[in-house]
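# Structure assessment
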Amino acid sequence: MKNDKGFVMLTAVFILLVFSGLILHQVTILKSEQSFTAMHWELIQMDNLLLTGKEFVSALILEDDGDKLQLGTKATGDGIIRYEVTLISDDIYFIRLKVETHSGAMREGTFYLNVTTGAVTDWEEGGVLG
């Protein structure tokens with residue numbers, strides 16, 4: 001009968017430790033999820049900038065400005081798009097895009113544009129640069 005208090009105390013401490021461990025586990029998962037969400041949002045912004053840049057530069061070239069177009073910059077709500085245009089042949093242009101979000105993350109993409117057909121070929125995206 002006199003050992004009942006010790007058993008109850010030991011059980012209460014064990015239950016307290018288990019619940020403390022569960023709370024710490026949940027906090028760790030929450031922090032990890034927040035970090036993943038921030039990185040995922042950054043990647044989405046960079047992809048959006050690359051696609052916006054592809055459409056913008058393609059439209060400029062197809063509107064007969066391609067002969068004059070070599071370097072340029074376009075600012076958007078998500079960040080900055082820098083582009084370089086190189087004439088490969090009479091109707092093929094090589095375009096290199098470098099995008100940067102407002103937080104400083106950078107990514108690169110390249111493609112070829114056929115002005116006769118308007119086709120975009122060999123689209124390649126680089127990894128996150130910064």
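Please refer to the structure higher up on the page.
So, here's what we can say about the structure. Note that the coordinates shown come from a computational prediction; the quantities given were computed from them, not determined experimentally. (Residues numbered from 1 in each chain as written. Predicted model: local features only at pLDDT ≥ 70, side-chain atom pairs only at ≥ 80, totals over all residues. Heavy atoms only, no water.)

### A word on the side chain of Lys 54
Mapped onto the elements, Lys 54 comes out in helix 1 (residues 4–65). Relative accessible area serves as the criterion here: at 17%, Lys 54 is assigned to the buried category. (Helix = DSSP H or I, 4+ residues; strand = E, 2+ residues; numbered from the N terminus. Buried < 20%, exposed > 50% of the residue type's maximum accessible area, 1.4 Å probe, protein only.)

### A closer look at the environment of Leu 62
With respect to the secondary-structure elements, Leu 62 resides in helix 1. Overall, Leu 62 belongs to the partly exposed group, its relative accessible area being 40%. Taking C-alpha positions, Leu 62 is 22 Å from Glu 108, a pair spaced 46 residues apart along the chain. The residues contacting Leu 62, other than those within four sequence positions of it, are Leu 113, Val 115 and Gly 118. (Contact = heavy atoms within 4.5 Å.)

### Digging into the pairing of strand 2 (residues 79–87)
Bridge count for strand 1 (residues 71–75) against strand 2 is five bridges, and the pairing is antiparallel. Within strand 2, the residue paired with Gly 72 across the bridge is Tyr 83. From the end of strand 1 to the start of strand 2, which pair antiparallel, there are three residues. Sheet analysis places strand 2 next to strand 3 (residues 92–101), joined by nine bridges and oriented antiparallel. What sits directly across from Glu 84, in strand 3, is Arg 96. What sits between strand 2 and strand 3 in their antiparallel hairpin is a turn of four residues. (Pairing = 2+ DSSP bridges.)

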